Amino acid sequence: MSELDDQTKQVADAYWGQTPSGARPPVKDAHGLGAPPRAMTEAMRRYWLTETSNLFGLWVACAVLFTIGHVIAVAVTGNWTLPPVLPGLFIAASAFSGKARADHRRRVARVLTEGELTGAVVRDLRQVENRRMVTTYVTYRVEGTDRDVTLASVEQGFAFLQVGLRDEVLFLRSEPDIVVPTFMIA
């Protein structure tokens, strides 16, 4: 295999933090997010909304439809003792899903606004193809910790990551199972 041409070598060295005089420290805060606490930007809000979505709306819609169906069934049959099993099930599912969504939104918003910029290495990367979309699972090992954090996303930006790549993420020690890649909120 031939050597790299000079221009490609300069770009690669700049990417990996090499200069002709030796290694230089990696760039911190490449996207200009600033030190915490930081204000929620529009890009952060978009990431926050997509990251914290769940089936809450579906459960509420099912609860409403099955409750209307139950009321109609009771009115038609005249049987007031008919147990509302399915409406109760969907109401419980929507309450549980709403609470889980609110908790996850609070935690992700806290990482976005109070998280420290730190490095993380991509440990594993896999893609699962469904009928209409590809879900990318990325496992990060955050510097200074001994646990891996896995993110699942349908965003196309994750497809450009490679195993072994050092990435800049937002991380909060009090929320050790949440990381936010800075390239997703820039």
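That block above? That's the structure.
Treat the numbers as computed from the prediction; the structure is a model and nothing was measured.

> Residues and numbers for a nonpolar patch on the surface, please.
Taken together, Val-60, Val-64, Ile-68, Ile-72 and Val-76 make up a surface patch of nonpolar side chains, about 440 Å² in accessible area. Inspection of the secondary structure puts Val-64 in helix α3 (residues 56–77).

> Break down the environment of Ala-35 for me, with residues and values.
With respect to the element layout, Ala-35 can be found in the loop between β2 (22–23) and α2 (42–51). A relative accessible area of 60% places Ala-35 in the exposed class. For the pair Ala-35 and Gly-115, spaced 80 residues apart in sequence, the C-alpha separation works out to 8.7 Å.

> Account for the sheet that holds strand β6 (residues 166–172), with residues named and values stated.
Taken together, 5 strands build an open sheet; the order of strands is β5-β4-β3-β6-β7 and the sheet is antiparallel. The open sheet is flanked by β5 (148–153) and β7 (175–181), the only strands paired with a single partner. Between one strand axis and the next, the sheet turns by 45 degrees as a mean value, whatever way the strands run. Pairing between strand β3 (residues 116–129) and strand β4 (residues 134–142): 9 bridges, direction antiparallel.

> Break down the layout of surface pockets for me, with residues and values.
Taken as a whole, the second largest pocket spans an internal volume of roughly 230 Å³. Lining the second largest pocket are Tyr-47, Thr-50, Glu-51, Ser-53, Thr-135, Leu-151, Ala-152, Ser-153, Val-154, Glu-155 and Phe-158. Among the secondary structure elements, those contributing two or more residues to the lining of the second largest pocket are α2 and β5. In terms of residue class, the lining of the second largest pocket is built from 5 nonpolar, 4 polar and 2 charged.

About the criteria used
- Residues numbered from 1 in each chain as written.
- Predicted model: local features only at pLDDT ≥ 70, side-chain atom pairs only at ≥ 80, totals over all residues.
- Heavy atoms only, no water.
- Patch = residues over 30% accessible without salt bridge, like charges linked within 9 Å, V, L, I, M, F, W, Y side chains within 5 Å.
- Areas by Shrake-Rupley, 256 points an atom, 1.4 Å probe, with all protein chains shown as cover.
- Salt bridge = Lys/Arg side-chain N within 4 Å of Asp/Glu carboxyl O.
- Helix = DSSP H or I, 4+ residues; strand = E, 2+ residues; numbered from the N terminus.
- Buried < 20%, exposed > 50% of the residue type's maximum accessible area, 1.4 Å probe, protein only.
- Pairing = 2+ DSSP bridges.
- Axes fitted to C-alpha atoms, helices over the stretch in contact; angles between N-to-C directions.
- 1 Å grid on protein atoms, 1.4 Å probe; cavity = no way out; pocket = protein on both sides within 12 Å on 5 of 7 lines; lining within 4 Å.
- Points joined across faces, edges and corners; volume = space filled by probe spheres on them.
- Nonpolar A, V, L, I, M, F, W, Y, C, P; charged D, E, K, R; others polar.

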